[in-house]
Amino acid sequence: MVLQRGPQRAVLTGTATKEGDTVTAQIVGHGSPVTGQVHSGKWKVKLPAVTEPGPFVIRVSSSEGQVTLNDVLFGDVWLCSGQSNMEFAMSQVMNSSEEIQKATQFNVDSLLQSSVPEIKHTSGHSAGRPAMESPHHPYVTRHPGTLL
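Residues numbered from 1 in each chain as written. Predicted model: local features only at pLDDT ≥ 70, side-chain atom pairs only at ≥ 80, totals over all residues. Heavy atoms only, no water.

1. Focus: the layout of surface pockets
What the second largest pocket holds in volume is close to 240 Å³. Taken together, 14 residues make up the lining of the second largest pocket; nearest its centre are Thr15, Val23, Trp43, Val60 and Val67. The element best represented in the lining of the second largest pocket is strand β7 (residues 65-75), accounting for four residues. When grouped by side-chain class, the residues that make up the lining of the second largest pocket number seven nonpolar, six polar and one charged. (1 Å grid on protein atoms, 1.4 Å probe; cavity = no way out; pocket = protein on both sides within 12 Å on 5 of 7 lines; lining within 4 Å. Points joined across faces, edges and corners; volume = space filled by probe spheres on them. Helix = DSSP H or I, 4+ residues; strand = E, 2+ residues; numbered from the N terminus. Nonpolar A, V, L, I, M, F, W, Y, C, P; charged D, E, K, R; others polar.)

Below, the structure written as structure tokens:
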């Protein structure tokens, strides 16, 4: 999981059944715990700003139990949109072999591409698919599988 790095504060949200319950989140070894309250079955907490990339462990707990998130990274999270005719494969780039090799210097862990015609859930939301994913060659592996 990648969360937005500081100076912004990443937000965690979730659901719970006990109205008014306190939810506590802690980045293990980093800062103080933060708390939020359950309202209408939902909760939200803002984590302390984190500028180091990680990985970190985040523990979230309430009277209902505890969840541990492992291998959490903090970095720049980008949301982009466009039309299907904007897709451009790296193989179409001039000097593609050279550009692909240069791309390995950037620390891009994954890019999720979601398109409406992919997979439709009963809720009507698209599941998406990973478009590029590899810590060593982020721009080489395209569409290795489907995320559900």
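2. Digging into the side chain of Asp21
Structurally, Asp21 can be placed in the loop between β2 (11-15) and β3 (22-27). Of the side chains with opposite charge, Lys18 lies nearest to the buried Asp21, which makes no salt bridge, at 5.6 Å. Of note is the side chain of Asp21, whose polar atom sits 2.6 Å from the side chain of Ser63. (Buried < 20%, exposed > 50% of the residue type's maximum accessible area, 1.4 Å probe, protein only. Lys, Arg positive; Asp, Glu negative; His and termini not counted. Salt bridge = Lys/Arg side-chain N within 4 Å of Asp/Glu carboxyl O. Polar contact = N/O pair within 3.5 Å; in protein donor to acceptor, adjacent residues only side chain to side chain.)

3. Details of the environment of Ala16
Along the chain, Ala16 falls in the loop between β2 and β3. A residue is classified by how much of its surface remains accessible, and Ala16, at 15% relative accessible area, is buried. Here the alpha-carbon distance between Ala16 and Ser63, two residues 47 residues apart in the chain, equals 9.8 Å. Excluding its chain neighbours within four sequence positions, the residues that come into contact with Ala16 are Val38, Gly41, Trp43 and Glu64. (Contact = heavy atoms within 4.5 Å.)

4. What to know about the nonpolar core
Counting residues in each nonpolar core, the largest one holds 18 residues, and the members touching the most others are Leu3, Leu12, Trp43, Leu47, Ile58 and Phe74. Going through the elements one at a time, β3, β5 (42-46), β6 (56-62) and β7 are the ones with two or more residues in this core. What Ile58 contacts, discounting residues up to four positions off in sequence, is Leu3, Leu12, Gln26, Ile27, Leu47, Val67, Thr68, Leu69, Val72 and Phe74. (Core = buried A, V, L, I, M, F, W, Y, C linked by side-chain atoms within 4.5 Å.)

5. Focus on the sheet that holds strand β4 (residues 30-37)
A sheet is described by the order of its strands in space; here five strands give the open sequence β1-β7-β6-β3-β4, paired in mixed fashion. What marks the edges here is a single partner per strand, and that holds for β1 (2-4) and β4. On average, adjacent strands in this sheet sit at an angle of 35° to one another, irrespective of strand direction. Inspection of the sheet shows β1 paired to β7 by three bridges, in the parallel sense. The partner of Gln4 across the bridge, within β7, is Gly75. (Pairing = 2+ DSSP bridges. Axes fitted to C-alpha atoms, helices over the stretch in contact; angles between N-to-C directions.)

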